[in-house]
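Okay, here's what each chain looks like letter by letter:
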Amino acid sequence: MFIVLTGVAGFIGSNLAERLLREGHTVIGVDNFLTGSTVNIDNLLRSPNFKFIEHDVIYPLAIEGPVDWVMHFASPASPPKYLSYPIETMRVNSEGTMHLLYLAKEKQAAFFLASTSEIYGNPTVHPQPETYYGNVNSVGARSCYNEAKRYAEAITYWMNRKYGIPVRVIRIFNTFGPKMDLNDGRVITNFINEIMSKQNLTIYGDGRQTRSFQYIDDLLEGIVRLLSTTYEQPVNLGNPEEVTILEVAQILKELMKSNAQLEFLPLPEDDPRRRKPDITISRTIMDWEPAISLHDALARTIHYYQGQYIH
């Protein structure tokens, strides 16, 4: 297939491009490097089936030739990044999504949207099924990301209804692994960076808030499986194993043989207390669920960073 993939220089986008190329597809990668890295696409550029276009998708994108899929993964995704670029985050998920949907319409292609578990906000339903409408503060600090992704889903489904564009929508829960920016401000990279730098581990709140962490390879498997279905409603892709932030810190300390102390700071505004996906739909329609344990996934990630960074 011929696939246009935005956000290709980001963590998920670059790993996804590698997977798609290995499966024999042609990938036209698009990024403006707002938060992506040129390092992430160095190996992709060596593939004859990969073409790169530096472009900001808040403006219309012109593509020559046929296209089978337009896959929209462009957006700042960690709180420090989207809070640093709030307007850009809102525009890439609103104007950017609209332009790419029209590109899919023009090319008679299908459209794939990378949405997020953040659309559930600080949930009052646990675990979160796709039918849950969420508990989002529309004027809070995180709204630039939460509400932008909710809009992206809304316009995707209206273009699907009005023009018949085939769509797939995934809601990604906390994902980690190689190629994440070590300074992106998310909890696992924060902890690894702090341990490697011999600093205290920063815990926001009391550390008893929970998350559900999945390894990047599990996410990629879910994406690829969804591509081969005809299911058009949103699909949660995440790990239903719920762990506290304190538990993650302890596992990393053990794996990295660290005696780092814990430093507790105030919880950020609108930070969710609990996050856990209901993955009944992905199990049913794709026979998918995460296969890599948190312990093994963290060990693989540590190995990657220890090979990439010197402190």
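Below you will find a few notes about this structure. (Residues numbered from 1 in each chain as written. Predicted model: local features only at pLDDT ≥ 70, side-chain atom pairs only at ≥ 80, totals over all residues. Heavy atoms only, no water.)

## Comments concerning the packing of helix α1 (residues 11–22) against helix α7 (residues 216–227)
For step 1, the next point in the chain: Axis separation between α1 and α7 bottoms out at 10 Å; the angle between their running directions is 60 degrees. In terms of orientation, α1 lies oblique with respect to α7. The way α1 lies across α7 gives a crossing that is right-handed. Counted together, Phe11, Ile12, Asn15, Leu16, Arg19 and Leu20 of α1 and Ile216, Leu219, Leu220, Glu221, Ile223, Val224 and Leu227 of α7 form the full contact between these two elements.
For step 2, the next point in the chain: Each residue belonging to the contact of α1 with α7 can be placed in one class, and the counts come to ten nonpolar, one polar and two charged. (Axes fitted to C-alpha atoms, helices over the stretch in contact; angles between N-to-C directions. Helix = DSSP H or I, 4+ residues; strand = E, 2+ residues; numbered from the N terminus. Parallel < 35°, antiparallel > 145°, perpendicular 65-115°, else oblique. Left-handed = near helix turned anticlockwise from the far one by under 90°. Contact = heavy atoms within 4.5 Å. Nonpolar A, V, L, I, M, F, W, Y, C, P; charged D, E, K, R; others polar.)

## Brief notes about the packing of aromatic side chains
Each aromatic ring pair is specified by the distance between its two centres and by the angle formed by the two planes.
For step 1, the next point in the chain: Following the criterion strictly, the structure yields ten aromatic pairs and no others.
For step 2, the next point in the chain: Taking the centre distance of 5.4 Å and the plane angle of 40 degrees together, the rings of Phe33 and Phe52 count as tilted. Taken together, the residues Phe33 in the loop between β2 (26–31) and β3 (50–54) and Phe52 in strand β3 connect sequence positions 19 residues apart.
For step 3, the next point in the chain: A residue is classified by how much of its surface remains accessible, and Phe52, at 22% relative accessible area, is partly exposed.
For step 4, the next point in the chain: With centroids separated by 4.5 Å and ring planes inclined at 5 degrees, the aromatic side chains of Tyr82 and Tyr145 adopt a geometry described as stacked. Of the two residues, Tyr82 sits in helix α2 (residues 79–84) while Tyr145 sits in helix α5 (residues 143–163), which places them 63 residues apart along the sequence. For the pair Tyr82 and Tyr145, a shared accessibility class is recorded, and that class is buried. (Phe/Tyr/Trp six-rings, centres within 6.5 Å; stacked < 30°, edge-to-face > 60°. Buried < 20%, exposed > 50% of the residue type's maximum accessible area, 1.4 Å probe, protein only.)

## With respect to the packing of helix α4 (residues 95–107) against α5
For step 1, the next point in the chain: One can describe the packing of α4 onto α5 by two numbers: an axis separation of 10 Å at closest approach and a directional angle of 25 degrees. Taken together, α4 and α5 sit at an angle that is classed as roughly parallel. Where α4 crosses over α5, the two elements pack in a sense that is right-handed. Residues Thr97, Met98, Leu101, Tyr102 and Lys105 of α4 lie in contact with α5, whose contacting residues are Ala152, Ile155, Thr156, Met159 and Tyr163.
For step 2, the next point in the chain: Its residues assigned to classes, the contact of α4 with α5 comprises seven nonpolar, two polar and one charged.

## Things to note about a nonpolar patch on the surface
For step 1, the next point in the chain: Residues Tyr204, Leu265 and Leu267 make up a contiguous nonpolar surface patch of about 220 Å² in total accessible area.
For step 2, the next point in the chain: Its place among the elements puts Tyr204 in strand β8 (residues 201–204). (Patch = residues over 30% accessible without salt bridge, like charges linked within 9 Å, V, L, I, M, F, W, Y side chains within 5 Å. Areas by Shrake-Rupley, 256 points an atom, 1.4 Å probe, with all protein chains shown as cover. Salt bridge = Lys/Arg side-chain N within 4 Å of Asp/Glu carboxyl O.)

## Overview of the pattern of salt bridges
For step 1, the next point in the chain: Within this structure, the stated rule accounts for 17 salt bridges.
For step 2, the next point in the chain: A salt bridge links Glu221 to Arg19, with the nearest nitrogen and oxygen atoms 2.8 Å apart. Of the two residues, Glu221 sits in helix α7 while Arg19 sits in helix α1, which places them 202 residues apart along the sequence.
For step 3, the next point in the chain: A salt bridge links Arg273 to Asp206; its shortest N-O distance comes to 3.6 Å. Residue Arg273 is found in the loop between β13 (262–265) and α9 (280–286), and its partner Asp206 is found in the loop between β8 and β9 (210–211); the two are separated by 67 residues along the sequence.
For step 4, the next point in the chain: Judged by relative accessible area, which is 35%, Arg273 ranks as partly exposed.
For step 5, the next point in the chain: By relative accessible area, which is 30% here, Asp206 ends up partly exposed.

By themselves, these figures tell us nothing about what the structure is for.
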